[in-house]
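Next come the chains, spelled out residue by residue.
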Amino acid sequence: MLLGAGYGSCTSFHLAEYRTGNARAARNGAPVMSGGRRVWASFDDVELRSDLFEELGVEFERRCPVRRGRVGSAEARVFSQRTAVDYRRLVARPGSVISPLPALRQSG
C-alpha cells in the first residue's frame, strides 16, 4: 500500500531493483550509531533508479490491478506487492524504456 506517497517512494519497486540481477554496483553511505556516536559509514549497494518510479507507477496502474481511495486526507493505493515487484523486474530494467508487456495477473 502507498499511503500519502507516490510511486517515487514505492518500496516494492526498490525491492525489485535488488532482484533484477543486473543492477550496477554503487558505493553509498549513511549515518549510523557506533559506540554511542553518530558516524558516517560507507557500504556497497546497487544503483537505485527511483527516478523512473513515477513513470513506472503510471504504467503499472494501466496494466495491473490497483485500488485507489482515501484514508483520512491521504490518497491511498493498494496493490499486490508481488505483482509490483514482478512488474518492475520485467518491464523496466535499468537504463531501458518501458516496453509494452501485457498486464500481469495479480497473485496472492
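Note: the structure precedes this text.
Thoughts on the overall build of the chain
The number of helices and strands found in the chain is three helices and five strands. Looking at the chain as a whole, 28% of its 108 residues are labelled buried. A fraction of 56% describes how many contacts in the chain between residues 6 or more apart in sequence connect residues 24 or more apart. In the form shown here, the chain has an accessible surface area of approximately 7000 Å², with 50% of it arising from carbon and sulfur atoms.

So, the nonpolar core
Counting residues in each nonpolar core, the largest one holds 13 residues, and the members touching the most others are Y7, C10, F13, F60 and F79. Residue assignment for this core shows that the elements contributing at least two residues are α2 (53-63) and α3 (81-91). When sequence neighbours within four positions are dropped, the list of residues in contact with F13 reads Y7, F53, L56, G57, F60, A84 and R88.

Some words on α2
Residues F53, L56, G57, E59, F60 and R63 constitute the buried set of α2. Contact partners of the buried residues in α2: α1 (11-19) and α3.

A look at the packing of α2 against α3
Close contact between α2 and α3 brings their axes to 11 Å; oriented N to C, the two are set at 115°. The chirality of how α2 crosses α3 is right-handed. Touching F53, L56, E59, F60 and R63 of α2 are T83, A84, Y87 and R88, all from α3. Residues of the contact of α2 with α3, tallied by class, amount to five nonpolar, one polar and three charged.

Description of the pairing of strand β2 (residues 25-34)
The sheet contact formed by β2 and strand β3 (residues 37-46) spans 10 bridges and is antiparallel. Bridging from a neighbouring strand, A26 pairs with D45 of β3. Between the end of β2 and the start of β3, which pair antiparallel, lie two residues, with G35 showing a positive phi angle near 60°.

Let's talk about the side chain of R77
Mapped onto the elements, R77 comes out in strand β5 (residues 74-78). Beyond its immediate chain neighbours, meaning those up to four positions away, R77 contacts M1, L2, A5, G6, Y7, E61, V66, R67 and R68.

Conventions we followed
Residues numbered from 1 in each chain as written. Predicted model: local features only at pLDDT ≥ 70, side-chain atom pairs only at ≥ 80, totals over all residues. Heavy atoms only, no water. Helix = DSSP H or I, 4+ residues; strand = E, 2+ residues; numbered from the N terminus. Buried < 20%, exposed > 50% of the residue type's maximum accessible area, 1.4 Å probe, protein only. Contact = heavy atoms within 4.5 Å. Areas by Shrake-Rupley, 256 points an atom, 1.4 Å probe, with all protein chains shown as cover. Core = buried A, V, L, I, M, F, W, Y, C linked by side-chain atoms within 4.5 Å. Axes fitted to C-alpha atoms, helices over the stretch in contact; angles between N-to-C directions. Left-handed = near helix turned anticlockwise from the far one by under 90°. Nonpolar A, V, L, I, M, F, W, Y, C, P; charged D, E, K, R; others polar. Pairing = 2+ DSSP bridges.

Don't take any of this as a statement about function, it's just geometry.
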